[in-house]
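Notes for the structure review
Residues per chain, in single letters:
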Amino acid sequence: MKMNLSKTIEIPMIGFGTYLIKEADAKSCVHQALRTGYRHIDTAEAYGNETGVGLGIKAGQESLGLSREEVFVTTKVWPGNDEWGQPPKTYDSTLEALIESLDRLQLDYVDLYLIHAPFPKSQRLNQWTALVELRRLGKTRSIGVSNFNAVHIEEIKVAGLPLPDANQIEVHPWSQKPALVSYLNENGISTIAYSSLLPLSNWRDIKGQRGAKTDNMKADGASTNSPFKMMSQKYGVSEAQVLLRWGLQKGYAVLPKSTKEERIQQNFDLLTFEIDDYDMAAIAEMDRGEGVAWSSGDPIRVD
Ligand SMILES: NC(=O)c1ccc[n+]([C@@H]2O[C@H](COP(=O)([O-])OP(=O)(O)OC[C@H]3O[C@@H](n4cnc5c(N)ncnc54)[C@H](OP(=O)(O)O)[C@@H]3O)[C@@H](O)[C@H]2O)c1
C-alpha cells in the first residue's frame, strides 16, 4: 500500500520506525522488518543507529534480492538547538550532515530527508534551502520536515521556496491535530504519523526511555474497558493493529517500531480488516490535544 509523496514519488504507507533501537540491534531488526515485507525504513542522525540500519538494509537486499529502488529510506538532519547548548546547523553543515548520514547508511541517496524539528529560528530557512539543494544534487529524492506547524511551513512559503513533500508528526487518537492536518492537505504536504501506538499502556515502558506519558495515561490504556481493547475484540486483531489501521484509514503513513519479531510481523498485518464508520467516529472524539512523545524537557517551540 503506497501513497503519493509528490507527482513522481510514492511512499509505502507502512514503514518501520527505529527510534530507541540500539545501533547493535538495528541490523537484525531492520533485516527482520524487510523479511516481513516492510519496504520503508525510518531513521535519523539523532537516533545514533544509522550504521546498523544501513547494515540491515544491505542484509535485506542480499538475502531477499531487493534492489535499492525497492526500499524507501528516510533519515533526518538534527537541526541543533541553542537552548540545549547545540550550535544550530547552518546551510553548509546541513549539506554535510546528509553526506555523513549516507556514509553511515552506506547508501548513495535517501528517498526522504527531513529536518527533525523546527528549533533554530535563525537557521530554519538556511537548513531548508540546503535540503532543496540536496534534492537537486540527487542525494535525496524528496524532502520534508518533522514536528513543524503551519507557522513554520508558512515561513517557507513566504520565502518563495518549494514546500515540503511531507511533515512527520505525532498523530494518534489522543493527538489528532485536525487543523494542522487540514493545512497540510490543503498545501499538498503528506502526513507521516509517528508514535501511533502511544495510547497502548506498554508504549515505551522501559525505564529511561524518553517520553512524557503520565501514569494516568498508562492506566487509561491498560483499563479493561479501553475503547481500543473493545475494538480489538470486535475486529479480532490486536490493539496495536487497530491504532495503526486508524492511521492508514486517515490517509497517513505509519512507522511502528518494535524490537520483537512477533510484533514486527503483527504491525505489518493491517490490510485484513477495516475500522467501521461508527468506530472511526468514536475515535474522532478521543482527541486530547497536543502530543506527548517528546518529554517535557524537549519543547517543540512555535516561535
Ligand atoms: N520525527 C520525530 O520527532 C519522531 C518522534 C518519535 C518517533 N518517530 C519515528 O516514528 C517511529 C515510531 O514511533 P515510536 O517509536 O515513538 O513509537 P511506536 O512505534 O508508536 O511505539 C513503540 C512502542 O510500542 C511497543 N510496541 C510495538 N509494537 C507493539 C505491539 N504490536 N503490541 C504492543 N506493543 C508494541 C514498542 O515496544 P517493543 O519495541 O518492546 O516492541 C515500543 O514501546 C519511531 O521509531 C521513529 O522512527 C519520529
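Here's what I pulled together on the structure shown here.

This paragraph deals with the overall build of the chain. Summing up its helical and strand segments, the chain has eleven helices and ten strands in all. Expected size for 303 residues packed as a compact globule is a radius of gyration near 19 Å; at 18 Å, the chain falls within 12% of this value. Its C-alpha atoms give the chain principal-axis dimensions of about 55 × 45 × 40 Å. Each of the 303 residues in the chain was classed as buried or not, and the buried ones make up 54%. Across the chain, every contact between residues at least 6 apart in sequence was considered, and the portion connecting residues at least 24 apart equals 73%. Summing over all exposed atoms, the chain offers an accessible surface of approximately 13,400 Å²; the carbon and sulfur share of this is 50%.

Once that is clear, we can look at the site of the ligand. Among the 29 residues in the neighbourhood of the ligand, the closest are listed as Asp 42, Arg 204, Ser 258, Lys 260 and Arg 263. Between His 116 and the ligand, the recorded distance is 3.4 Å, taken from a side-chain N or O atom to an oxygen atom. A distance of 2.4 Å is found between an oxygen atom of the ligand and a side-chain nitrogen or oxygen belonging to Lys 260. In isolation the ligand exposes 900 Å². Once the protein is present, 95% of that is buried. Using a 2 Å cut-off from the grid points, one finds that the ligand occupies the largest pocket. With three residues, the top contributor of residues to the shell around the ligand is helix 10 (residues 261-268). Its residues placed into classes, the shell around the ligand shows ten nonpolar, 13 polar and six charged.

Now for the packing of helix 1 (residues 23-36) against helix 2 (residues 50-64). Between helix 1 and helix 2, whose axes approach to 7 Å, the crossing angle comes to 35°. Considering how the two elements wind past one another, helix 1 and helix 2 form a crossing that is right-handed. Residues Glu 23, Ala 26, Lys 27, Val 30, His 31, Leu 34 and Arg 35 of helix 1 touch helix 2, and the partners they reach there are Glu 50, Thr 51, Gly 52, Val 53, Leu 55, Gly 56, Ile 57, Ala 59, Gly 60, Ser 63 and Leu 64. Partitioned by chemical class, the residues of the contact of helix 1 with helix 2 number eight nonpolar, six polar and four charged.

In this structure the tally under the stated criterion is twelve salt bridges. A salt bridge links Arg 68 to Asp 111, with the shortest nitrogen-to-oxygen separation between them at 3.0 Å. On the criterion of sequence distance, the pair formed by Arg 68 in the loop between helix 2 and strand 5 (72-77) and Asp 111 in strand 6 (residues 110-115) is long-range, its members being 43 residues apart. Residue Arg 68 shares its accessibility class with Asp 111, and that shared class is buried.

Here we come to the layout of surface pockets. One number sums up the size of the largest pocket: a volume of about 1,100 Å³. If you tally residues by element for the lining of the largest pocket, the top one is helix 10, at three residues. For the lining of the largest pocket, a count of residues per class yields 17 nonpolar, 14 polar and eleven charged.

This next bit is on the sheet that holds strand 10 (residues 253-254). For sheets, the rule is that strands pair by backbone hydrogen bonds, running either parallel or antiparallel. A sheet is described by the order of its strands in space; here eight strands give the open sequence 3-4-5-6-7-8-9-10, paired in parallel fashion. In this open sheet, the two edge strands, each paired with only one partner strand, are strand 3 (16-17) and strand 10. As paired elements, strand 8 (residues 166-170) and strand 9 (residues 190-194) share five bridges and run parallel to each other. Following the sheet pairing, Asn 167 is matched in strand 9 by Thr 191. Relative to the sheet, helix 6 (residues 178-186) contacts strand 8 and strand 9, its axis offset from that of strand 8 by approximately 170°.

Cut-off values and rules
Residues numbered from 1 in each chain as written. Predicted model: local features only at pLDDT ≥ 70, side-chain atom pairs only at ≥ 80, totals over all residues. Heavy atoms only, no water. Helix = DSSP H or I, 4+ residues; strand = E, 2+ residues; numbered from the N terminus. Rg over C-alpha atoms; globule rule 2.2 N^0.38 Å. Buried < 20%, exposed > 50% of the residue type's maximum accessible area, 1.4 Å probe, protein only. Contact = heavy atoms within 4.5 Å. Areas by Shrake-Rupley, 256 points an atom, 1.4 Å probe, with all protein chains shown as cover. Near = heavy atom within 4 Å. Polar contact = N/O pair within 3.5 Å; in protein donor to acceptor, adjacent residues only side chain to side chain. 1 Å grid on protein atoms, 1.4 Å probe; cavity = no way out; pocket = protein on both sides within 12 Å on 5 of 7 lines; lining within 4 Å. Sits in = over half its atoms within 2 Å of the grid points. Nonpolar A, V, L, I, M, F, W, Y, C, P; charged D, E, K, R; others polar. Axes fitted to C-alpha atoms, helices over the stretch in contact; angles between N-to-C directions. Left-handed = near helix turned anticlockwise from the far one by under 90°. Salt bridge = Lys/Arg side-chain N within 4 Å of Asp/Glu carboxyl O. Points joined across faces, edges and corners; volume = space filled by probe spheres on them. Pairing = 2+ DSSP bridges.

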